[in-house]
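# Chain and residue survey
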Amino acid sequence: MMRIKCIAVDDEPDALEKLCSYIRRIPFLELVGACEDAFEAMEVLGKNKVDAIFIDINMPDLNGLEFVSTLSLPPKIVFITAYEEYAVASYSVKAVDYILKPYGFAEFQRAATRLLPDSDRSEKIENEEVTPKSIYVKVDSRWVRINMEDIAYIQSYGDYLKIFIVGQSNSILTNSNFASISQILSDNFIQIHRSYMVNMDRINEIERGRIKLSKDICLPVGDLYKSKVMEYIETRGVRKYRKNNLPNK
């Protein structure tokens, strides 16, 4: 598979460091420059052969869109920004992809794969399964990214869902239902009650029809859902020791 030489451009140091670390984790990407603004990027482009640019849009003096528009023969472009309204403008300059902050490695990896030629991309998709690590939920007019592993449980609340995050006192409220969110959650999320869905990786104990997530949080298991919960437990549970199950010497 070919190696794609690329540069990272972002005026926020932490965001630039994250972007560079993600680039280094992709085997077919080669980082040739990390730039804090468009002017540094110009210098790198003048000295190096660059196949792709990962660039923030909202930067001082010369933003990402303006910078790319000045290039007579631009490489492949992936825009990264916190502002959803820039999406249409980014495609007007023939960007390969657009990543909305905050983003995780899975989102970055999908965008990076789009830089590959069709033949290499098909090979990568066939040989490598990408497991999503996060979901996006609509909160008022914003899309909020949530790491799946950080979700403790979800409560159905009328036409809304309350998503409870480990270590946070406030829940995230979104207009959705269990049927919809189940399509994008990983298999360790189990509905245990008509009002509750729980991340089985976050529970401490199951006893007497109740699931204990912490000393302060216990959730009921509904009669209709007990068999599904026990099926999940049995496929992962350590069997009781039985002497007659010992192998023959």
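Residues numbered from 1 in each chain as written. Predicted model: local features only at pLDDT ≥ 70, side-chain atom pairs only at ≥ 80, totals over all residues. Heavy atoms only, no water.

### Remarks on the pattern of salt bridges
Under the convention used in this document: Salt bridge, as used here: a side-chain nitrogen of Lys or Arg that lies within 4 Å of a carboxyl oxygen of Asp or Glu. Where helices and strands are cited, they refer to DSSP runs of H or I of at least four residues and of E of at least two residues respectively, numbered from the N terminus. Note on exposure labels: buried denotes an accessible area under 20% of the residue type's maximum, exposed denotes more than 50%, and partly exposed covers the range between, all computed with a 1.4 Å probe on protein chains only.
The final tally for this structure, using the stated rule, is 6 salt bridges. Its salt-bridge partner being Lys101, residue Asp10 comes within 2.9 Å of it at the nearest N-O pair. On the criterion of sequence distance, the pair formed by Asp10 in the loop between strand S1 (4-9) and helix H1 (13-25) and Lys101 in the loop between strand S5 (97-100) and helix H5 (105-113) is long-range, its members being 91 residues apart. In this structure, Asp10 and Lys101 share a single accessibility class: buried. With a closest N to O distance of 3.2 Å, Asp223 and Lys226 form a salt bridge. Each of Asp10, Asp56 and Lys101 takes part in one network of salt bridges that share partners.

### Describing a nonpolar patch on the surface
Definition in use: Patch members must show over 30% relative accessible area and no salt bridge, and they are joined within 9 Å when carrying like charges or within 5 Å when they are nonpolar side chains of Val, Leu, Ile, Met, Phe, Trp or Tyr. All accessibility values rest on the Shrake-Rupley procedure with a 1.4 Å probe; residue burial counts only the protein chains present in the view.
Together, Tyr157, Tyr160 and Leu173 give the surface a local cluster of nonpolar side chains, amounting to about 300 Å² of exposed area. With respect to the helices and strands, the residue Tyr160 is situated in strand S9 (residues 160-165).

### Examining the side chain of Thr174
Put simply, the test is: What qualifies as a polar contact is a pair of N or O atoms within 3.5 Å, subject to a donor-acceptor requirement within protein and to the restriction that residues adjacent in sequence count only when both atoms come from side chains. The contact criterion used throughout is that any non-hydrogen atoms of two residues lie within 4.5 Å.
Mapping Thr174 onto the fold places it in strand S10 (residues 172-174). Looking at Thr174, the relative accessible area reads 6%, which means it is buried. Polar side-chain contacts of Thr174 include one of 2.7 Å to the backbone oxygen of Lys138. Contacts of Thr174, omitting those with residues within four sequence positions, involve Val137, Lys138, Tyr160, Leu161 and Ile163.

### Considering the packing of aromatic side chains
Rules: A pair of Phe, Tyr and Trp rings is counted when the ring centres sit within 6.5 Å of each other, with Trp represented by its six-membered ring. The angle between the planes then sorts it: under 30 degrees is stacked, over 60 is edge-to-face, the rest tilted. We call a charge positioned over a ring when the NZ of a Lys or the CZ of an Arg lies within 6 Å of the ring centre and within 35 degrees of the ring normal.
Inspection of the entire model under this criterion finds 6 aromatic pairs. For the ring pair Tyr22 and Phe105, a centre distance of 5.4 Å and an interplane angle of 75° mean the geometry is edge-to-face. Of this pair, Tyr22 sits in helix H1 while Phe105 is found in helix H5, placing the two residues 83 residues apart along the sequence. For Tyr22, a relative accessible area of 12% translates into the label buried. Accessibility expressed as a relative area gives 19% for Phe105, which makes it buried. When the centroid spacing of 4.3 Å and the interplanar angle of 10° are considered together, the rings of Tyr153 and Phe164 count as stacked. In this pair, Tyr153 is assigned in strand S8 (residues 151-157) and Phe164 in strand S9, connecting sequence segments 11 residues apart. Among the residues examined, Phe164 registers a relative accessible area of 18% and is labelled buried. In textbook terms, an aromatic cluster arises when at least three aromatic residues are bridged by ring pairs, as seen for Tyr22, Phe54, Tyr103, Phe105 and Phe108. Over the ring of Tyr103 we find Lys18, and its NZ or CZ is 4.1 Å from the ring centre. Arg25 extends its terminal NZ or CZ atom over the ring of Phe105, reaching a point 3.9 Å from the ring centre.

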